Amino acid sequence: MKKDGDKGKRLQSLQSFAQGPRTYAPPGLSRIAFMRGALRGVITLIAISAAVASIPYWDDMQFPVTSLVIYVAGMVFVAMPLCLYYESLLMAQQAAASPDGRESLMPR
């Protein structure tokens, strides 16, 4: 019974946040939202730059290697560290929001 806890408590706090003033956000949510936007922007920028780099190859039968290099390098060396940082922010927020203070590996 102790492990179950109050299931509605977390839901009520999220509902009160949704109805509350928009000027206040719980700690960490603004950083998570900024990181989500930055990650989406970086991925979009990488995809657009890879597409632009492939334009000279559209008329030829050659494969646009430059475009592939830009896309793979951008995703591996720029987007992947941002994804890992974003995931760590989400896990820290989940650990802070859990009633027992421990991280759970499985979503609730």
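In this text, all values refer to a predicted model and were calculated from it rather than measured experimentally.

**Concerning the nonpolar core**
One recurring pattern in soluble globular proteins: nonpolar side chains tend to sit buried together.
Here is step 1: Membership of the largest hydrophobic core is limited to 5 residues, which are Ile 32, Met 35, Leu 39, Tyr 86 and Leu 89.
Here is step 2: Among the secondary structure elements, those contributing two or more residues to this core are helix 2 (29–53) and helix 3 (65–97).
Here is step 3: Once residues lying within four places of it in the same chain are set aside, the contact partners of Met 35 are Leu 82, Tyr 85, Tyr 86 and Leu 89.

**Describing the side chain of Ser 67**
Here is step 1: As for its placement among the helices and strands, Ser 67 is situated in helix 3.
Here is step 2: Once residues within four sequence positions are removed from consideration, Ser 67 is found in contact with Ala 50, Ala 51, Ala 53 and Ser 54.

**Let's talk about helix 3**
Here is step 1: Taking 1.5 Å per residue as the helical rise, helix 3 with its 33 residues ought to reach 48 Å, and the 46 Å between its terminal C-alpha atoms agrees with that figure.
Here is step 2: Ala 79 marks the point of greatest bend in helix 3, at about 40 degrees, and the proline Pro 81 comes within the next four residues.
Here is step 3: In this structure, the buried side of helix 3 is in contact with helix 2.

**With respect to the confidence of the model for the chain**
Here is step 1: When pLDDT is averaged along the chain, the result is 79; 66% of the residues meet or exceed 70.
Here is step 2: Put simply, helix 1 (residues 7–19) is where the chain has its lowest mean pLDDT, 51, and helix 2 is where it has its highest, 94.

**Quick notes on the side chain of Ser 54**
Here is step 1: As for its placement among the helices and strands, Ser 54 is situated in the loop between helix 2 and helix 3.
Here is step 2: Among the polar contacts listed, one links the side chain of Ser 54 to the backbone oxygen of Ala 51, at a separation of 2.8 Å.
Here is step 3: Reaching out from Ser 54, the side chain makes a polar contact with the side chain of Trp 58 at a distance of 3.3 Å.
Here is step 4: When sequence neighbours within four positions are dropped, the list of residues in contact with Ser 54 reads Pro 64 and Ser 67.

Rules behind the numbers
Residues numbered from 1 in each chain as written. Predicted model: local features only at pLDDT ≥ 70, side-chain atom pairs only at ≥ 80, totals over all residues. Heavy atoms only, no water. Core = buried A, V, L, I, M, F, W, Y, C linked by side-chain atoms within 4.5 Å. Buried < 20%, exposed > 50% of the residue type's maximum accessible area, 1.4 Å probe, protein only. Helix = DSSP H or I, 4+ residues; strand = E, 2+ residues; numbered from the N terminus. Contact = heavy atoms within 4.5 Å. Expected span 1.5 Å × (residues − 1). Bend = angle between axes of the 7 residues up to and from the residue. pLDDT = per-residue confidence, 0-100. Polar contact = N/O pair within 3.5 Å; in protein donor to acceptor, adjacent residues only side chain to side chain.

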